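Spelled out, the chains give:
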Amino acid sequence: MSIKRYRAKRDFEKTPEPKGWDVAGAQKASKERIFVVQKHQASHLHYDFRLELDGVLKSWAVPKGPPESPGIKRLAIHVEDHPIEYAEFEGEIPAGFYGAGKVGIWDRGSYVLLWRKVDMLKFELKGKRLKGNYMLVHSRENQWLLFKLKEATD
Ligand code: MN
């Protein structure tokens, strides 16, 4: 569980966002892996792409949003891990606080992790908007690329 950075950035007296379970709680999280994409109207509109992995939501901020078809590569900025229950979060982070602005669920569903390396993840998304095989590939520093693969999945 590595949500220390997540907690350090926020004042849970002021933001409606979840504080996150303790370690024991996180490990009780559902066995089906989930993903969520939250549209976040912060100072700059972006889409937060989150995959359940290692008891947290591994998270990337995608300024232009995840691609719905192959052939489009989107910049995805790796950000701090979020607690699993953040996947349920929709609401308004108050002005003056970290991430201030509206958060709404843009897509969600389950996913299958196909393989994983330090700098690469391949997975099949089973969302309403996002379906099929995707990759996240590390580029440099906190920058990754998110794209959909051409291969058929069903
Ligand atoms: Mn965000």
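Residues numbered from 1 in each chain as written. Predicted model: local features only at pLDDT ≥ 70, side-chain atom pairs only at ≥ 80, totals over all residues. Heavy atoms only, no water.

(A) View of the coordination of the manganese ion. Here the manganese ion is held by His40 (ND1), His46 (NE2) and Asp48 (OD), and the distances to it run 2.2 to 2.3 Å. What makes Asp48 buried here is its relative accessible area of 6%. (Donors = N, O, S within 2.8 Å, 3.2 Å for Na, K, Ca; no water. Buried < 20%, exposed > 50% of the residue type's maximum accessible area, 1.4 Å probe, protein only.)

(B) View of the confidence of the model for the chain. On average, residues of the chain score 91 in pLDDT, and 90% of them reach the 70 mark or higher. Considering only residues more than four positions removed or in separate chains, one finds that residues 24-30, a stretch of pLDDT under 50, has 7 contacts. (pLDDT = per-residue confidence, 0-100. Contact = heavy atoms within 4.5 Å.)

(C) Structural detail: the packing of aromatic side chains. Applying the stated criterion across every chain, the model contains 9 aromatic pairs. Pairing Phe49 with Phe123 gives two aromatic rings, centres 6.0 Å apart and planes at 35°, and the pair type is tilted. Taken together, the positions of Phe49 in strand β2 (residues 45-53) and Phe123 in strand β7 (residues 120-127) put the pair 74 residues apart, joining distant regions of the chain. The class for Phe123 is buried, based on a relative accessible area of 0%. Between Tyr111 and Phe123 the ring centres are 6.1 Å apart and the planes differ by 80°, which places this aromatic pair in the edge-to-face class. Placement of Tyr111 in strand β6 (residues 101-117) and of Phe123 in strand β7 is noted, with a sequence separation of 12 residues between them. Each member of the pair, Tyr111 as well as Phe123, carries the same accessibility label: buried. If you follow Lys73 out to its NZ or CZ, it ends over the ring of Phe147, 5.0 Å from the centre. (Phe/Tyr/Trp six-rings, centres within 6.5 Å; stacked < 30°, edge-to-face > 60°. Helix = DSSP H or I, 4+ residues; strand = E, 2+ residues; numbered from the N terminus. Lys NZ or Arg CZ within 6 Å of the ring centre and 35° of its normal.)

(D) Structural view of unusual backbone geometry. Positive phi is not limited to glycine here, since Asp54 has a value of about 55°. Relative to the helices and strands, Asp54 is located in the loop between β2 and β3 (56-62). We note that Glu141 has phi near 45°; this positive angle belongs to a residue other than glycine. Within the secondary structure, Glu141 sits in the loop between β8 (131-140) and β9 (143-148).

(E) How the structure looks around the pairing of β2. The element β2 is largely enclosed, with a buried count of 8 among its 9 residues. Taken together, the 7 bridges between β2 and β3 define a ladder with antiparallel strand orientation. Across the sheet, residue Tyr47 finds its bridge partner in β3, namely Val62. Between the antiparallel neighbours β2 and β3 lie 2 residues, among them Asp54 with a positive phi of about 55°. (Pairing = 2+ DSSP bridges.)

(F) Expanded view of the pattern of salt bridges. In total, this model carries 7 salt bridges according to the counting rule given. The salt bridge partner of Arg10 is Glu17, with a shortest N-O separation of 3.2 Å. Here the two residues Arg10 and Glu17 agree in accessibility, since each one is buried. Here Lys58 makes a salt bridge to Asp81, at a shortest N to O gap of 3.1 Å. Taken as a pair, Lys58 in strand β3 and Asp81 in strand β4 (residues 73-82) lie far apart in primary sequence, 23 residues in all. Pair check on accessibility: Lys58 and Asp81 agree, each one buried. Put simply, Arg10, Glu17 and Glu80 are held in one network by salt bridges that share partners. (Salt bridge = Lys/Arg side-chain N within 4 Å of Asp/Glu carboxyl O.)

(G) Region of interest: the nonpolar core. Counting 19 residues, the largest nonpolar core has Phe49, Leu51, Phe123, Leu125 and Leu136 as its most contacted members. Residue assignment for this core shows that the elements contributing at least two residues are β1 (34-41), β2, β3, β6, β7, β8 and β9. With 4 residues, the single largest contributor to this core is β2. When neighbours within four sequence positions are excluded, Phe123 is seen to be in contact with Phe49, Leu51, Tyr111, Val112, Leu113, Leu114, Gly132, Asn133, Tyr134, Met135, Leu136 and Leu146. (Core = buried A, V, L, I, M, F, W, Y, C linked by side-chain atoms within 4.5 Å.)

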